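Summary of structural features
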Amino acid sequence: MATAEQVKALLKSYSEGDGDHFLTVAVQIAAHTARSGKGKLAQELRDLVDEIKRKQSAGKIGGSVPIARPAGELAGLLSVSYPKTTLAEMVLSNETRGQLKRVVREQRHLDSIRSHGYAPRRKLLLVGPPGCGKTMTATALAGEMKLPLLVVQLHGLITKFMGETAAKLHLIFDAMTQTRGVYFFDEFDAIGVDRGAKNDVGEIRRVLNSFLQFLEQDDSDSIVIAATNYVAMLDDALFRRFDDVIAYSKPDSQQVDALVKNRLGRFLGSRISWKKVDDAARGLSHAEIARACDEAAKECILGGIERADTKALVAAINGRRNMDIRGTAIPSK
Ligand SMILES: Nc1ncnc2c1ncn2[C@@H]1O[C@H](COP(=O)(O)OP(=O)(O)O)[C@@H](O)[C@H]1O
Ligand SMILES: [Mg+2]
């Protein structure tokens, strides 16, 4: 049987959301059980651990122990995942990377920062054009800190009735105190615009103001991230409520190269003319370039070609460029 110390370690890793350690302790318990002559039970424990690992690699459960399954009304407002993404997978400007690393560092030293009476950075506003890594940042921050990512479902949040929306926001901000995680309000402004109601602007303003009030009062250990494509929405009141405003932009040629190398991996040809690739990719977002790389890789697989050369890569990039945002090809002249 498991010792009291092992049970303690199991519970501790569970409460910290440290799935890897949870499994390590489980394996130790299995070994201990085997040593005390309970071979059948030990085997059953090992089988259970293997099953968890299988589910993990199939993406059915996260690397962390799922402690944060939203229930009840929250279930319709928050969707939870346990990302494995890291900041190293992202191609960013030095400044943006520096800002994000700073957040991670402060979070890792949360207790000592707080014990000296300071507040760690944890309310972030991400601004920039689509496809340049705002959502990926929320994912990577959760991955870096082994915290659950809780994406706020805006369509569930915004209702015709302001009172209701505020009550729902309240639920979410309560959850932040109860379950430490990365809470992500994506395209906060854009959702409102889609609603087509006559009083859109007033409505967005009210939701936004309500959000900002909750944000101001919140002093949980969770990370709150809001993302927007619209710089126009950024007035002073907004800036002040966040600990940091992080800007995203389309990749420069150096970043294009890094992205292509990252993404193509073993399908990258050995003698790429980077000038041609950069010219083709100018003005495209990270997301569009990543997609082009995936297309090029698939062409390699289908054509039985080992690596993509400059021509194939440029063709894939041009293919993306000729798509409009809905993904339909624009006929070439
Ligand atoms: N800075 C980046 N570095 C690496 N890949 C990126 C980056 N930005 C976007 N991508 C790729 O494009 C996809 C979509 O990006 P996303 O983060 O959703 O953009 P946004 O939220 O800014 O619209 C990502 O899942 C990733 O594959
Ligand atoms: Mg996004």
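Below: a short report on this structure. Going along each chain's sequence as written, the residues are numbered from 1 onward. Each chain takes a letter, starting from A, and each ligand takes a number, starting from 1, following the order in which they are written. This being a predicted model, a pLDDT of at least 70 is required before a residue's local features are given, and a value of 80 or more before pairs of side-chain atoms are given or counted; all residues contribute to the totals for chains, interfaces and linings.

Re the overall build of the chain
- Numbering goes from the N terminus for both helices and strands, where a helix is a DSSP run of H or I of at least four residues and a strand is a run of E of at least two. Across its full length, the chain holds 15 helices and 6 strands.
- Any residue with 12 or fewer other C-beta atoms within 10 Å of its own C-beta is exposed, any with 20 or more is buried, and the rest are partly exposed; the C-beta atoms used are placed from the backbone. Counting only residues that meet the buried cut, the chain has 32% of its 333 residues in that class.
- Contacts are defined on C-beta atoms placed from the backbone: any two residues whose C-beta positions lie within 7 Å are in contact. For the chain, the share of sequence-separated contacts (at least 6 apart) that also reach a separation of at least 24 residues comes to 74%.

Re the site of ligand 1
- If you check the shell around ligand 1, you find 15 residues, and the closest are Gly133, Thr135, Met136, His286 and Ala287.
- Each residue gets one of three labels, nonpolar for Ala, Val, Leu, Ile, Met, Phe, Trp, Tyr, Cys and Pro, charged for Asp, Glu, Lys and Arg, and polar for the others, Gly among them. By residue class, the composition of the shell around ligand 1 is 10 nonpolar, 4 polar and 1 charged.
- The start and end points of each domain follow an automatic or database-based domain assignment. For the shell around ligand 1, the domains that each give at least three residues are domain 2 (72-247) and domain 3 (253-321). Should the C-beta atom of a residue, placed from the backbone, lie within 6 Å of a molecule or strand, that residue is near it.

A closer look at helix H4 (residues 94-108)
- When the terminal C-alpha atoms of H4 are compared, their 21 Å separation across 15 residues agrees well with the 21 Å that a helix rising 1.5 Å per residue should span.
- Buried within H4 we find Thr96, Leu100, Val103 and Gln107. The arc enclosing the buried residues of H4, seen along the axis, measures out at 50 degrees, which places them on a common side. Along H4, the residues that are exposed and aim more than 90 degrees away from the buried face are Asn94, Glu95, Gly98 and Arg105.
- Those residues of H4 that are buried are in contact with helix H5 (110-115), strand S2 (123-127), helix H6 (134-145), strand S5 (223-228) and strand S6 (244-247). Residue count minus one, scaled by 1.5 Å, sets the expected span of a helix. For this quantity, the arc is that covered by the directions from the helix axis to the C-beta atoms.

Section: helix H14 (residues 286-303)
- Under the 1.5 Å per step criterion, the end-to-end length of H14 is 26 Å for 18 residues, consistent within 8% with the ideal 26 Å.
- Within the span of H14, buried status applies to His286, Glu288, Ile289, Ala290, Arg291, Ala292, Cys293, Ala296, Ala297 and Cys300.
- Gly304 sits one or two residues past H14 and shows a positive phi near 60 degrees.

Focus on the packing of helix H13 (residues 274-281) against helix H15 (residues 310-321)
- To define axes, lines are fitted to C-alpha atoms, for helices over the stretch in contact only, and angles between the resulting N-to-C directions are given on a 0 to 180 degree scale. Across the interface, H13 lies against H15 with an axial gap of 9 Å and an inter-helix angle of 5 degrees. With respect to H15, the element H13 is oriented roughly parallel. On H15, the residues touching Lys276, Val277, Ala280 and Ala281 of H13 are Thr310, Leu313, Val314, Ile317 and Asn318.
- Of the residues assigned to the contact of H13 with H15, the class counts are 6 nonpolar, 2 polar and 1 charged. Relative orientations are named as follows: roughly parallel for angles under 35 degrees, roughly antiparallel for angles over 145 degrees, roughly perpendicular for angles from 65 to 115 degrees, and oblique for any other angle.

Considering the sheet that holds strand S4 (residues 182-185)
- The strand order across the open sheet built from 6 strands is S1-S3-S4-S5-S2-S6, with neighbouring strands paired in mixed fashion. Two strands bound the open sheet, and with one partner strand each, they are strand S1 (78-81) and S6. The average undirected angle you get between the axes of adjacent strands in this sheet is 25 degrees.
- When DSSP finds at least two bridges between two strands, those strands are taken to pair. Judged from the 3 bridges that link them, strand S3 (residues 149-152) and S4 form a sheet pairing that is parallel. Note that in S4 the partner of Leu149 across the bridge is Val182.
- Lying over the sheet, H4 contacts S2, S5 and S6, oriented at roughly 140 degrees with respect to S6.

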